[in-house]
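Residue-level listing of the chains:
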Amino acid sequence: MSTFQAPKGTYDLLPPDSAVYLAVREAIAAPARRAGYGYTETPGFEKVELFSRGVGESTDVVTKEMYTLTTRGGDELALRPEGTVSVLRAALQANLHKSGNLPVKLWYSGSYYRYERPQAGRYRHFSQVGAEAIGAEDPALDAELIILAADAYSALGLTGVRLLINSLGDRECRPAYRAALQDYLRGLDLDEETRRRIEINPLRVLDDKRESVQKQLADAPLIRDHLCEPCRLYDEQVRAMLTGAGVNFTDDPRLVRGLDYYTRTTFEFVHDGLGSQSAVGGGGRYDGLSEMIGGPSLPSVGWALGVDRTVLALRAEGIELVLPPTTDIYAVPLGDQAREVLFGAVTALRRAGVAADFAFGGKGMKNAMKSADRSGARFALVAGERDLAEGVVQLKDLATGEQGPVAVDEIVVTVKERLA
Ligand code: HAM
């Protein structure tokens, strides 16, 4: 029997690459954590209905991309395709919005699942870090989130990330725009499925990637020209604050995003080194989502940044993150007595906070020293019978090759000193 492979559209994270992913997750989350966002975790699955109502019945995410299952108890569940709806559901369920301290600011990190056609940068299992600010309508909050994301990319050293922004209007001005867009789209030469889409979700047609469609959209009405005064002012203030913070952006009047809950501010971070899956992150305001899933009116805004694509962006720019070594010191015992002494030393070092590893499996000296080098450790701790007879072990600097004796009962103190 051949060995099992990971399911199509997925990949495994293993050392050393996995260390980069961890570092990217941390770097993306750090600015949000510094801005008062609290960590949240929700289940990997939810009721299907939560997503169909929240993300939208007519979106690709709900109609084509959800992994659904029926439990033995008869519940219809879906693996989460995104995080916003679940996080809002959790906040509502715990009544966080009634704490009298709005907005409720939450951040999260985890796995998401979409049954998409796999290609470079597009997977069926992927990883996002997200942030949501629930229960406040304030352009400064939209600006805050966008600045935090921009700062996260800069902190990683990325220079090729561009920010696209748009406003999708609100329940006052969107309906008239929608009708105007429908009028325009009905006059075009489009296939059956796209014609149906005009009636259900015309804004999504603007997002059609096919050139034959895009060509016909050149003169389509733009939401920007239909915004009501409050939406226009709101948008202006968000932009002014971004400019004030030195965050560059480009207007993208066609940016509609793939999820139905957006109102007003929407944005996407794209990287030109990634081919067709260029969005490294995205988000926006979702003032009506809470009501759509049975909650009170809670205007909110958030984003999710794709960890997989951020790692691809780093590679595209040739950026190597400087990661601390996972092992500081590596123990190489020669003989049984040395095994006992050095195993004890490694345990003591670890308890003292030093990252230490040990040559397991009874390796010979040459092999063990190779492992020590590969571990990235600065020092090796080597001991044979003759050393132990003198009550010492040898501490070897793996960069310079210098080596000297250390008394067995002074190993922890000496190693900590040398590492400091
Ligand atoms: P989204 O644009 O669907 O938004 O996903 C956010 C990011 O997740 C994308 O920009 C991309 O980097 C990554 N991503 C999405 N699908 C895939 C995939 N199949 N493979 C690899 N990476 C992927 C949301 O999910 C919203 N919940 C964002 C949000 C938060 N809006 C408001 N709050």
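Calculation rules
- Residues numbered from 1 in each chain as written.
- Predicted model: local features only at pLDDT ≥ 70, side-chain atom pairs only at ≥ 80, totals over all residues.
- Heavy atoms only, no water.
- Pairing = 2+ DSSP bridges.
- Helix = DSSP H or I, 4+ residues; strand = E, 2+ residues; numbered from the N terminus.
- Core = buried A, V, L, I, M, F, W, Y, C linked by side-chain atoms within 4.5 Å.
- Buried < 20%, exposed > 50% of the residue type's maximum accessible area, 1.4 Å probe, protein only.
- Contact = heavy atoms within 4.5 Å.
- Phe/Tyr/Trp six-rings, centres within 6.5 Å; stacked < 30°, edge-to-face > 60°.
- Lys NZ or Arg CZ within 6 Å of the ring centre and 35° of its normal.
- Near = heavy atom within 4 Å.
- Polar contact = N/O pair within 3.5 Å; in protein donor to acceptor, adjacent residues only side chain to side chain.
- Nonpolar A, V, L, I, M, F, W, Y, C, P; charged D, E, K, R; others polar.
- Patch = residues over 30% accessible without salt bridge, like charges linked within 9 Å, V, L, I, M, F, W, Y side chains within 5 Å.
- Areas by Shrake-Rupley, 256 points an atom, 1.4 Å probe, with all protein chains shown as cover.
- Salt bridge = Lys/Arg side-chain N within 4 Å of Asp/Glu carboxyl O.
- Lys, Arg positive; Asp, Glu negative; His and termini not counted.
- Charge placed at Lys NZ, Arg CZ, Asp CG, Glu CD.

Q: What is the right way to look at the sheet that holds strand β1 (residues 38-39) in this model?
A: Remark on secondary structure: sheet strands pair via backbone hydrogen bonds, oriented parallel or antiparallel. Read from one edge of the open sheet, eight strands run β1-β5-β6-β11-β10-β9-β7-β8, paired in mixed fashion. Both edges of this open sheet fall to β1 and β8 (250-251), since each of them pairs with a single strand only.

Q: Would you mind showing me how to read the nonpolar core here?
A: Generally speaking, soluble globular proteins have nonpolar side chains that are buried together. Grouped together as the largest cluster of nonpolar side chains are 46 residues, with contacts concentrated most on Val55, Val85, Ile134 and Tyr261. At the level of secondary structure, the elements contributing two or more residues to this core comprise α2 (48-54), α3 (60-63), α4 (84-93), β5 (104-113), β6 (125-134), α6 (174-186) and α8 (202-205). Looking at which element gives the most residues to this core, the answer is α4, with five residues. Setting aside its immediate chain neighbours within four residues, Val85 contacts Leu50, Phe51, Gly54, Val55, Tyr261, Leu289 and Ile293. Among the nonpolar cores identified, the runner-up in size contains 40 residues, and Ala27, Leu158, Phe267 and Val311 belong to it.

Q: Please clarify how the packing of aromatic side chains should be interpreted in this entry.
A: Remark: the centre distance and the inter-plane angle together describe each pair of aromatic rings, the angle taken between the planes. Evaluation of the coordinates by the stated rule reveals eleven aromatic pairs. Here the aromatic rings of Tyr67 and Tyr115 are separated by 5.7 Å at their centres, their planes lie at 85 degrees, and the arrangement is edge-to-face. You can see Tyr67 sitting in the loop between α3 and β3 (68-70) and its partner Tyr115 sitting in the loop between β5 and β6, a full 48 residues away along the chain. Classification of Tyr67 as partly exposed rests on a relative accessible area of 27%. By relative accessible area, Tyr115 is classed as partly exposed at 43%. Between the NZ or CZ atom of Arg80 and the centre of the ring of Tyr112, over which it lies, the distance is 4.5 Å. Taking the ring centre of Tyr115 as reference, the NZ or CZ of Arg124 above it sits at 4.0 Å.

Q: Whenever I open this one, the site of the ligand confuses me. Can you help?
A: In the vicinity of the ligand, 26 residues are found, and the nearest of them are Glu82, Glu116, Tyr123, Glu132 and Tyr262. Taking Gln128, its side chain carries an N or O atom lying 3.1 Å from an oxygen atom of the ligand. Listing elements by their share of the shell around the ligand, those giving two or more residues are β6, β10 (279-285) and β11 (300-306). For the shell around the ligand, the per-class residue count stands at ten nonpolar, nine polar and seven charged.

Q: Can you walk me through a positive patch on the surface in this structure?
A: A surface patch of positive charge is lined by Lys363, Lys366, Lys370 and Arg374. Looking at the secondary structure, you find Arg374 in helix α14 (residues 365-374).

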